[in-house]
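The chain contents come next:
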Amino acid sequence: MSHTRIRKFNTRDAYPEQKLDNDVCMAVRAGNTVYLRGQTAMDLDGNIVGVGDAAAQTENAMKCAKILLEEAGAKLEDVVKVTIYITDRAYREPVYRVVGKWLKGVFPVSTGLIVQGLAKPEYLMEIDIIAEIPADRT
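Residues numbered from 1 in each chain as written. Predicted model: local features only at pLDDT ≥ 70, side-chain atom pairs only at ≥ 80, totals over all residues. Heavy atoms only, no water.

Draft legend 1. Broad picture of unusual backbone geometry. Not every positive phi belongs to a glycine, and Arg 7 is a case in point at roughly 60 degrees. Secondary-structure assignment places Arg 7 in strand β1 (residues 4–10). Even without being glycine, Phe 107 reaches a positive phi, approximately 60 degrees. Mapped onto the secondary structure, Phe 107 falls in the loop between α3 (92–102) and β5 (109–114). By relative accessible area, which is 74% here, Phe 107 ends up exposed. (Helix = DSSP H or I, 4+ residues; strand = E, 2+ residues; numbered from the N terminus. Buried < 20%, exposed > 50% of the residue type's maximum accessible area, 1.4 Å probe, protein only.)

Put into C-alpha cells, the structure is as follows:
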C-alpha cells in the first residue's frame, strides 16, 4: 500500500504572515502507521483557539488529533508515541492533565520538551503523535 496523505495544504495558506511555500499535510498513513502533523491551538479550519490558555489549546489539539486519526483509520487507543512541546514549564501540568484525559488507559511512550517558541507566537503547546493500527483491524 502506498502512503495516504490526508488534508494536504501549503504553508503559505496556514502562515500567510511568513514567506513559506511548503506542501505538507495533516496526517500520513504509511502501512499501519499514522503520523500526525504537530497539533496546536490551530483548529482544522485554520482558526486559533485558546489564546493565552495552554489547557484550551491542548483540548483543541487533542480534538483535532482524534479527528485526523479517525480519518486515517486509527483511534486514540492506537497512539504509541507522543512528543509534547511547551513554551513555559508552567504549562506542563495543565497540558499533561488534558493529554492524560484524552489518552487515559492508552499508555503511549512520551517525551516532553520546553522550547523557546513555536510556529506562531500564540502557540503555547504542540503535540506530535504517532499511532499504529493493529493488524486485526486493517
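Draft legend 2. Structural context of the sheet that holds β1. Strand order in the open sheet formed by 6 strands is β1-β2-β3-β6-β4-β5, and the pairing between neighbours is mixed. For this open sheet the edge positions go to β1 and β5, each flanked by a neighbour on one side alone. Ignoring strand direction, the axes of neighbouring strands in this sheet form an average angle of 15 degrees. Relative to strand β6 (residues 125–132), strand β4 (residues 79–86) runs antiparallel, the two sharing 7 bridges. Counted as the bridge partner of Ile 86 is Met 125 from β6. Contacting β4, β5 and β6, α3 crosses the sheet at an angle of about 160 degrees to β4. (Pairing = 2+ DSSP bridges. Axes fitted to C-alpha atoms, helices over the stretch in contact; angles between N-to-C directions. Contact = heavy atoms within 4.5 Å.)

Draft legend 3. Examining the packing of aromatic side chains more closely. For the structure shown, the criterion picks out 0 aromatic pairs. The lysine or arginine in question, Arg 92, covers the ring of Tyr 96, its NZ or CZ lying 4.5 Å from the ring centre. (Phe/Tyr/Trp six-rings, centres within 6.5 Å; stacked < 30°, edge-to-face > 60°. Lys NZ or Arg CZ within 6 Å of the ring centre and 35° of its normal.)

Draft legend 4. Just helix α2 (residues 54–71), in detail. Here α2 contains 18 residues, and its C-alpha end-to-end distance of 26 Å stays within 8% of the 26 Å for a straight helix at 1.5 Å per residue. As for α2, its buried residues are in contact with β1, β2 (23–30), β3 (33–36), β4, α3 and β6. The N-cap residue of α2 is Asp 53: its side-chain oxygen and the backbone nitrogen of Ala 55 are 3.1 Å apart. Once α2 ends, the next one or two residues include Gly 73, with phi positive near 90 degrees. (Expected span 1.5 Å × (residues − 1). Polar contact = N/O pair within 3.5 Å; in protein donor to acceptor, adjacent residues only side chain to side chain.)

Draft legend 5. Highlighting the packing of α2 against α3. As a packed pair, α2 and α3 sit with axes 8 Å apart at the nearest point and diverge in direction by 30 degrees. Between α2 and α3, the angle is such that the two are roughly parallel. When you trace α2 past α3, the crossing you get is right-handed. Across the interface between the two elements, Ala 54, Ala 55, Thr 58, Glu 59, Met 62, Lys 63 and Lys 66 of α2 pack against Pro 94, Val 95, Val 98, Val 99, Lys 101 and Trp 102 of α3. Residues that form the contact of α2 with α3 fall into these classes: 8 nonpolar, 1 polar and 4 charged. (Parallel < 35°, antiparallel > 145°, perpendicular 65-115°, else oblique. Left-handed = near helix turned anticlockwise from the far one by under 90°. Nonpolar A, V, L, I, M, F, W, Y, C, P; charged D, E, K, R; others polar.)

Draft legend 6. Quick look at the pattern of salt bridges. All chains considered together, the criterion is met by 7 salt bridges. A salt bridge links Glu 70 to Lys 66; the shortest N-O distance between them is 2.6 Å. Of this pair, Glu 70 and Lys 66 both sit in helix α2, 4 residues apart, which is roughly one turn of the helix. Looking at Glu 70, the relative accessible area reads 44%, which means it is partly exposed. (Salt bridge = Lys/Arg side-chain N within 4 Å of Asp/Glu carboxyl O.)

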